[in-house]
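Summary of the model geometry
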Amino acid sequence: MRIAIMGAGAVGGYFGARLAASGAVANGAMEVHFIARGPHLEAIRSGGLRIESEAAPLHLTDVRATDDPAEVGPVDLVLFAVKLWDTDRAAEACRPLLKPGTVVVSVQNGVTGLDTLCRILGREHVAGGVAHIGATVAAPGVIRHTGTLARLTYGELDGRPSPRLTAFHALAEAAGFEAVLSAAILRALWEKFAFLAPFSGITALTRQPAGVIRRVPETRALFLDAVAEVARLARARDVDLGTGIVARVESLLDSLPPAMASSMLNDLTRGGRLELPWLSGAAVQLGAELGVPTPVHRVVAAALAPYADGPP
């Protein structure tokens, strides 16, 4: 199986590295190509790809890496892991990777990126994915994995089993991370969105990590109100998250390391671009389309708007 990692940053780089280091590559059953750019690409080419992890450190020295998908050619599966603001550009760049039957598994944040991929590449090529991992690009060519959680969930949009994802699942199970083939990937996507949009928004708005958010009654309540808004959006989109979704997300918040910050807060702190329009911004837009009030996300989106493209 030929696999391309479109966007070899923290998430794509981590899971791609685990796949590339597996025995399936050594015995010729799998071939993994990384598509990156800039200093990160140059560092990978010159020194390999390094995973810093207390659980399982890894240094890949022989890495197939390029910034030109045409050099890779048609593959069986694309793991699509670019930042949300790069979705249109990266989707167009995927065209040389496609052949009949190629599946593009998006592991992006949010719930709107799939619509863009389906529009540009065709729904028949698109599958959903959810990545649960704490990872950052610590330096060019270096990905830092925090904690032990590293789970990749994926599934066809219609929920039906398919030979293409079944084949990938067999390889992923042996790659050193938790691999889940889901028959309800849209529910999995919305469940993550119900945590991620509120967590990203409230931590960035307050400039505080998980421990502070859950300890202060006012911020805890604000976070839970934001979760409830997403749950109502999901229901309006015919995605059933169950009656206990708010409680489940609250339990997840309580289980996080106190110092854990969202990637949006990290981006805000370092003066980077924010995925705000695709998280709280998307919640506001979907709320307007569906007639579902989203007052918490509206405040988050408005208050952080000056920083969405970097420092004002």
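The protein chain is annotated in an unreviewed UniProt entry as 2-dehydropantoate 2-reductase from Roseomonas genomospecies 6. According to its UniProt record, the protein chain has this under Function (unreviewed entry): "Catalyzes the NADPH-dependent reduction of ketopantoate into pantoic acid." Quoted verbatim from the Sequence similarities (unreviewed entry) heading of the UniProt record, the comment on the protein chain is "Belongs to the ketopantoate reductase family."

To continue, consider the overall build of the protein chain. Within the protein chain, the regular secondary structure consists of 14 helices and ten strands. Computed over C-alpha atoms, the radius of gyration of the protein chain comes to 19 Å, within 12% of the 20 Å expected from 2.2 N^0.38 for 312 residues, which places it in the range of a compact globule. Across its three principal directions, the C-alpha atoms of the protein chain cover 55 × 40 × 35 Å. Counting over 312 residues, the protein chain shows a buried share of 54%. Residue pairs in contact within the protein chain that sit at least 24 positions apart in sequence constitute 72% of those at least 6 positions apart. Roughly 13,300 Å² of accessible area belongs to the protein chain as shown, and the carbon and sulfur atoms make up 54% of that amount.

Grouped together as the largest cluster of nonpolar side chains are 43 residues, with contacts concentrated most on Phe34, Leu152 and Phe177. Per element, the largest residue contribution to this core is six residues, and it comes from helix α1 (residues 10–20). Not counting chain neighbours up to four residues away, the residues in contact with Leu152 comprise Phe15, Leu79, Val107, Val130, Ala131, Phe168, Phe177, Glu178, Ala179 and Val180. Of all hydrophobic cores here, the second largest spans 38 residues; its members include Phe195, Leu196, Leu279 and Val300.

To continue, consider the side chain of Ser162. Tracing the backbone shows Ser162 in the loop between β9 (142–156) and α7 (163–172). Residue classification places Ser162 among the buried positions, given a relative accessible area of 13%. A polar contact of 2.6 Å, which involves the side chain of Ser162, links it to the side chain of Glu156.

Further remarks concern the pattern of salt bridges. One pass over the full model with this rule turns up 17 salt bridges. Among the ionic pairs, Arg119 bridges to Asp88, the shortest N-O distance being 3.0 Å. You can see Arg119 sitting in helix α6 (residues 113–121) and its partner Asp88 sitting in helix α5 (residues 87–93), a full 31 residues away along the chain. The exposure class of Arg119 is exposed, given its relative accessible area of 57%. For Asp88, a relative accessible area of 39% corresponds to the partly exposed category. Asp309 is paired through a salt bridge with Arg273; the nearest N and O atoms lie 3.6 Å apart. One end of the pair, Asp309, is in the segment after α14 (295–304); the other, Arg273, is in the loop between α12 (263–269) and α13 (280–290), with 36 residues separating them in the sequence.

Let us now look at the side chain of Ser106. By the secondary structure assignment, Ser106 is in strand β7 (residues 103–106). From its side chain, Ser106 meets the backbone nitrogen of Gln108 in a polar contact 3.4 Å long. Residues contacting Ser106, with those up to four places away along its chain left out, are Phe80, Leu114, Leu117, Ala127, Gly128 and Gly129.

Glancing now at the UniProt feature "domain: Ketopantoate reductase N-terminal" (unreviewed entry) in the protein chain. UniProt records the feature "domain: Ketopantoate reductase N-terminal" (unreviewed entry) at residues 3–158, using the numbering of this structure. Annotated as 29% helix and 37% strand, the span residues 3–158 places its first and last C-alpha atoms 22 Å apart.

The two faces of β7 match: Val103 and Val105 on one face and Val104 and Ser106 on the other face are all buried. What joins strand β6 (residues 77–80) to β7 is α5, and the crossover it makes is right-handed. Where β7 meets strand β8 (residues 126–139), three bridges bridge the pair, whose relative direction is parallel. The residue of β8 that forms the bridge with Val104 is Val126.

Conventions and cut-offs
- Residues numbered from 1 in each chain as written.
- Predicted model: local features only at pLDDT ≥ 70, side-chain atom pairs only at ≥ 80, totals over all residues.
- Heavy atoms only, no water.
- UniProt positions renumbered as here; feature names shortened; annotations may be inferred.
- Helix = DSSP H or I, 4+ residues; strand = E, 2+ residues; numbered from the N terminus.
- Rg over C-alpha atoms; globule rule 2.2 N^0.38 Å.
- Buried < 20%, exposed > 50% of the residue type's maximum accessible area, 1.4 Å probe, protein only.
- Contact = heavy atoms within 4.5 Å.
- Areas by Shrake-Rupley, 256 points an atom, 1.4 Å probe, with all protein chains shown as cover.
- Core = buried A, V, L, I, M, F, W, Y, C linked by side-chain atoms within 4.5 Å.
- Polar contact = N/O pair within 3.5 Å; in protein donor to acceptor, adjacent residues only side chain to side chain.
- Salt bridge = Lys/Arg side-chain N within 4 Å of Asp/Glu carboxyl O.
- Right-handed = clockwise from strand over helix to strand, strands pointing away.
- Pairing = 2+ DSSP bridges.

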